[in-house]
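Residue-level structure breakdown
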Amino acid sequence: MRGLADTLVSIAPLVRTILMSRQREAISTIIDALVPDVPPPQHMLIEARMAAEARREVLESGDWLTAPQVATMAGFSTSNPRAQPNKWKKQGRIFAVRHRGVDYFPGYALDIAAGYRPAKPLAKVLSVFRGKKDAWGLAYWFASINSFLGGKRPQDVLASDPERVLSAAEDELARAPHG
């Protein structure tokens with residue numbers, strides 16, 4: 001027993017050294033993960049700040065709903081509330097922006113009279129932009145003042161004058177510079 005105790009006492013400094021070394025390695029790994037390999041150029045930082053501000057404004061500009069909220073409003077099963085809204089998204093009948101791991105669907109894109117289903121004209125507008133704008137690009141477009149719509153936002157005109165919104169979408173692409 002005494003020999004075991006002497007051995008433990010003699011290796012204690014080695015164990016302490018190994019533990020301290022592992023802690024330094026862990027801290028170094030954490031620091032390396034938090035610091036970019038190369039600092040981003042100033043223009044990228046400006047673009048990131050502008051994108052963050054635009055996303056914040058979009059999310060604050062209208063009623064954005066999670067799939068479970070849409071399912072509840074539409075009277076769908078709560079056992080799989082994401083199923084129907086995601087099916088609509090895959091079918092191109094609605095879109096959703098992803099923020100912090102959650103899909104948000106635009107409330108202005110739901111037709112109250114049709115039981116909170118996607119407004120039929122929205123699919124036509126989305127088809128115009130298919131492959132041209134991602135979900136955030138769509139959200140920016142719908143939330144932006146549009147001269148083609150007399151200074152109104154497409155999201156505000158979609159229900160009352162869907163053909164003008166469709167024309168505005170087509171005009172947007174016609175005016176887009178080609179590169």
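All of the points below concern the structure found in this document. What you see is a predicted model; the values in this text were computed from it and never measured.

Within the secondary structure, Arg153 is located in the loop between helix H6 (135-143) and helix H7 (154-157). Engagement of the side chain of Arg153 in a polar contact is seen with the side chain of Asp156, the distance being 2.8 Å. Setting aside residues up to four positions removed in sequence, Arg153 forms contacts with Ser61, Phe142, Ala143, Ser144 and Ile145.

Right, let's talk about unusual backbone geometry for a bit. Backbone geometry places Arg100, a non-glycine residue, at a positive phi of 50°. With respect to the helices and strands, Arg100 occurs in the loop between strand S2 (97-99) and strand S3 (102-106). Positive phi, close to 60°, is recorded for Tyr116, a residue that is not glycine. Within the secondary structure, Tyr116 sits in the loop between strand S4 (110-111) and strand S5 (117-118). Classification of Tyr116 by relative accessible area gives partly exposed; the value is 25%.

Each value, and the rule that gives it
Residue numbers run consecutively from 1 along every chain, following the written order of its sequence. Totals for whole chains, interfaces and linings use all residues, but because this is a predicted model, local features are given only for residues with pLDDT of at least 70 and pairs of side-chain atoms are given and counted only at 80 or more. As a convention, hydrogens and water are excluded, and side-chain values are obtained from all of the structure's heavy atoms. Helix and strand definitions follow DSSP, with helices as H or I runs of at least four residues and strands as E runs of at least two, each counted in order from the N terminus. Distance and chemistry together define a polar contact, namely a pair of N or O atoms within 3.5 Å, with one atom able to donate a hydrogen and the other to accept it when in protein, and with adjacent residues in sequence counting only for side-chain atoms on both sides. Residue contacts are defined here by distance: any two heavy atoms, one from each residue, within 4.5 Å place the two residues in contact. A simple rule labels every residue: compare its accessible area, found with a 1.4 Å probe on the protein chains alone, to the largest value its type can have, and call it buried under 20%, exposed over 50%, or partly exposed in between.

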